[in-house]
Amino acid sequence: MGFAIYDRVLVTVHPPKCPVRAYFEKRLSAAGGMRERGGSRLPASPADLMLRMVNHMVDSYLDLRRLLTRQLGALQQALLHPRSRFHDWQVLLDARNALHLLEDTCEDQRAALQEWIDGLEELPLPHEAPPAREFELLKVRSRDVQEHIERVLSHVRRLEQSAETAVQMHFSALSHRTNDIMRTLTVLTAIFLPLNLITGFFGMNFDALPLIHSGTGVWIAIALMVALGVGLGWFFWRKRYLGTTRR
C-alpha cells in the first residue's frame, strides 16, 4: 500500500479487494457510531490513521510468521528423521521464498518508516498543549510500529537460519549414513578377500598341494575359513567398523 498524508486527508493506494482497507472501513464506521454516542475511538489525525493501518499489516505478518513457523517445524522434523525419505523439496522452497518475500517487505517498510520518523524529528514542536501532545504521541506510535517491524524481521531471519541449518544437517546425516554403508561394505570385502584367496589357492590345478588328497582336507579348509572370517569380523567389530556407531 501507498500513503499520501495531508493535514486532514489520507489518500491510500492499494490493490483491489484489499483486506486492510475493508477492515478499517468497518472499524471507522463503528468508531463513528461510538463517537456519536460519546466515544472517541477515531484516529486523531491522518498520520495516526496511517500508522494504525501499517500496524495492522505488521500484525498480519505476525500471523503469517506463526504459520510459517509451524510449517518449517514440520519440514525440519521430516528432514531430520533418521528413517524418512524427504521428497517435499518444493514445499520447503516455497516456504523459504515466502520468508524472503516477507523479509524484503519488512525491510522496505522499516526504511520508509525510518524516513517518516526522521521527517517528524525535523518538524518544529507545536507550542499549544493539545497539538504538542498529539505530536509526541504520534512519534511514540511511530517508534512502536517500527519496533514491531523489527521484531517480525528478526524472527523471519531466525527462521531462515533455522531452515538453512536443517537442510545442512539433513545432508550431513545423509553423508554420515552413506559413510556407514561404505564402511560396512568395505569391511565385508576385507573379510571375504582372504577367504577368496584360500579358495583360489586350493582351486589351483596341481597334485602336490597340501590337503588336496586327504579326506579331511576339505573340513580343515572350511574350518580355517570359518575361523578366519569370525576372527576378522570380531576384529573389525572391536574397532567399531561394524555395527551402529555411537553418536
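Computed from a prediction, not measured in an experiment: that's the story for all the values here.

Basis of the calculations
Residues numbered from 1 in each chain as written. Predicted model: local features only at pLDDT ≥ 70, side-chain atom pairs only at ≥ 80, totals over all residues. Heavy atoms only, no water. Helix = DSSP H or I, 4+ residues; strand = E, 2+ residues; numbered from the N terminus. Buried < 20%, exposed > 50% of the residue type's maximum accessible area, 1.4 Å probe, protein only. Contact = heavy atoms within 4.5 Å. Phe/Tyr/Trp six-rings, centres within 6.5 Å; stacked < 30°, edge-to-face > 60°. Pairing = 2+ DSSP bridges. Expected span 1.5 Å × (residues − 1). Patch = residues over 30% accessible without salt bridge, like charges linked within 9 Å, V, L, I, M, F, W, Y side chains within 5 Å. Areas by Shrake-Rupley, 256 points an atom, 1.4 Å probe, with all protein chains shown as cover. Salt bridge = Lys/Arg side-chain N within 4 Å of Asp/Glu carboxyl O. Arc of directions from axis to C-beta. Axes fitted to C-alpha atoms, helices over the stretch in contact; angles between N-to-C directions. Parallel < 35°, antiparallel > 145°, perpendicular 65-115°, else oblique. Left-handed = near helix turned anticlockwise from the far one by under 90°. Nonpolar A, V, L, I, M, F, W, Y, C, P; charged D, E, K, R; others polar. Core = buried A, V, L, I, M, F, W, Y, C linked by side-chain atoms within 4.5 Å.

Enquirer: Honestly, the overall build of the protein in this entry has me stumped. Any pointers?
Expert: On a plain count of helices and strands, the protein comes out with five helices and two strands. The order of helices and strands in the protein, counted from the N terminus, is β-β-α-α-α-α-α. Burial analysis of the protein (247 residues in total) assigns 27% to the buried set. Contacts in the protein between residues far apart in sequence, at least 24 positions, make up 68% of those at least 6 positions apart.

Enquirer: Whenever I open this one, the packing of aromatic side chains confuses me. Can you help?
Expert: Two descriptors summarise a pair of aromatic rings, namely the distance from one centre to the other and the angle between the planes of the rings. Taken as a whole and judged by the stated rule, the model has three aromatic pairs. Their ring planes at 85° and their centres at 5.3 Å tell us that Tyr23 and Phe24 sit as a pair that is edge-to-face. Note on Tyr23: relative accessible area 35%, which makes it partly exposed.

Enquirer: I tried to follow the pairing of strand β2 (residues 10–13) on my own but got confused; where do I start?
Expert: Two faces belong to every sheet, and in a regular strand the side chains alternate between them. Sheet analysis places strand β1 (residues 2–5) next to β2, joined by four bridges and oriented antiparallel. Pairing of Phe3 across the sheet is with Thr12, part of β2. Hairpin connection between β1 and β2: a loop of four residues separates the two successive antiparallel strands.

Enquirer: When you look at helix α3 (residues 89–122) in this model, what are you seeing that I'm missing?
Expert: For an α-helix, the turn length of 3.6 residues means that residues three or four places apart are oriented alike. With 34 residues, α3 extends 50 Å between its outermost C-alpha atoms, agreeing within 8% with the 50 Å of an ideal straight helix rising 1.5 Å per residue. Leu92, Ala95, Leu99, Leu102, Glu103, Cys106, Gln109, Leu113, Ile117 and Leu120 are the residues of α3 that are buried.

Enquirer: Just to check I follow, could you spell out a nonpolar patch on the surface for this structure?
Expert: A cluster of nonpolar side chains, contributed by Ile181, Met182, Leu185, Leu188 and Phe192, occupies part of the molecular surface with about 490 Å² of accessible area. Relative to the elements of secondary structure, Leu185 occurs in helix α4 (residues 129–202).

Enquirer: I keep staring at helix α5 (residues 217–238) and nothing clicks. Help me out?
Expert: In this model, α5 (22 residues) spans 31 Å end to end at C-alpha, consistent with the 32 Å of a helix rising 1.5 Å per residue. For α5, the full list of buried residues reads Gly217, Ala221, Met225, Gly229, Gly233 and Phe236. Around the axis of α5, the buried residues are gathered within 135° of arc, so they sit on the same side. Summarising the geometry of α5, the exposed residues directed more than 90 degrees from the buried face are Trp219, Val230, Trp234, Trp237 and Arg238. Phi for Arg240, located one or two positions after α5, is positive at around 65°.

Enquirer: I would appreciate a short explanation of the pattern of salt bridges in the present structure.
Expert: Pairs can form between side chains of opposite charge whenever their charged atoms are close. The final tally for this structure, using the stated rule, is ten salt bridges. Between Arg52 and Asp48 there is a salt bridge, and its shortest N-O distance comes to 3.5 Å. A residue pair is termed a helical-turn pair when its members lie 3 or 4 positions apart in one helix, as Arg52 and Asp48 do in helix α2 (residues 46–80) at four residues. For the pair shown, Arg52 and Asp48 are each scored as buried. Arg157 is paired through a salt bridge with Glu103; the nearest N and O atoms lie 3.2 Å apart. Of this pair, Arg157 sits in helix α4 while Glu103 sits in helix α3, placing them 54 residues apart in sequence. Taking relative accessible area as the criterion, Glu103 reaches 13% and is therefore assigned buried. Beyond isolated ion pairs, a larger network of salt bridges with shared partners links Asp48, Arg52 and Arg141.

Enquirer: Explain the packing of α2 against α3 to me, please; I cannot follow it from the model alone.
Expert: The description of two packed helices rests on the angle between their axes and on the distance between the axes. At a minimum axis distance of 10 Å, the contact between α2 and α3 shows a crossing angle of 155°. One way to sum up the angle between α2 and α3 is to call them roughly antiparallel. As α2 runs across α3, the sense of the crossing is left-handed. Side by side, α2 and α3 meet where Ala47, Met50, Leu51, Met57, Val58, Tyr61, Leu64, Leu68, Gln71, Leu72, Leu75 and Leu79 of the first sit next to Trp89, Val91, Leu92, Ala95, Ala98, Leu99, Leu102, Thr105, Cys106, Gln109, Leu113 and Trp116 of the second. Split into classes, the residues belonging to the contact of α2 with α3 amount to 21 nonpolar, three polar and no charged.

Enquirer: Explanation requested: the nonpolar core in the structure shown.
Expert: Proteins that are soluble and globular tend to have nonpolar side chains buried together. With 37 residues, the main nonpolar core has Leu72, Cys106 and Val152 as its most contacted residues. Among the secondary structure elements, those contributing two or more residues to this core are α1 (19–36), α2, α3 and α4. With 14 residues, α2 is the single largest residue contributor to this core. When sequence neighbours within four positions are dropped, the list of residues in contact with Val152 reads Val58, Tyr61, Leu62 and Cys106.

Enquirer: Any chance you could explain the side chain of Lys139 here in plain terms?
Expert: Tracing the backbone shows Lys139 in helix α4. The residues touching Lys139, leaving out its near neighbours within four places in the chain, are Leu120 and Glu121.

Geometric values such as these leave the question of function open.
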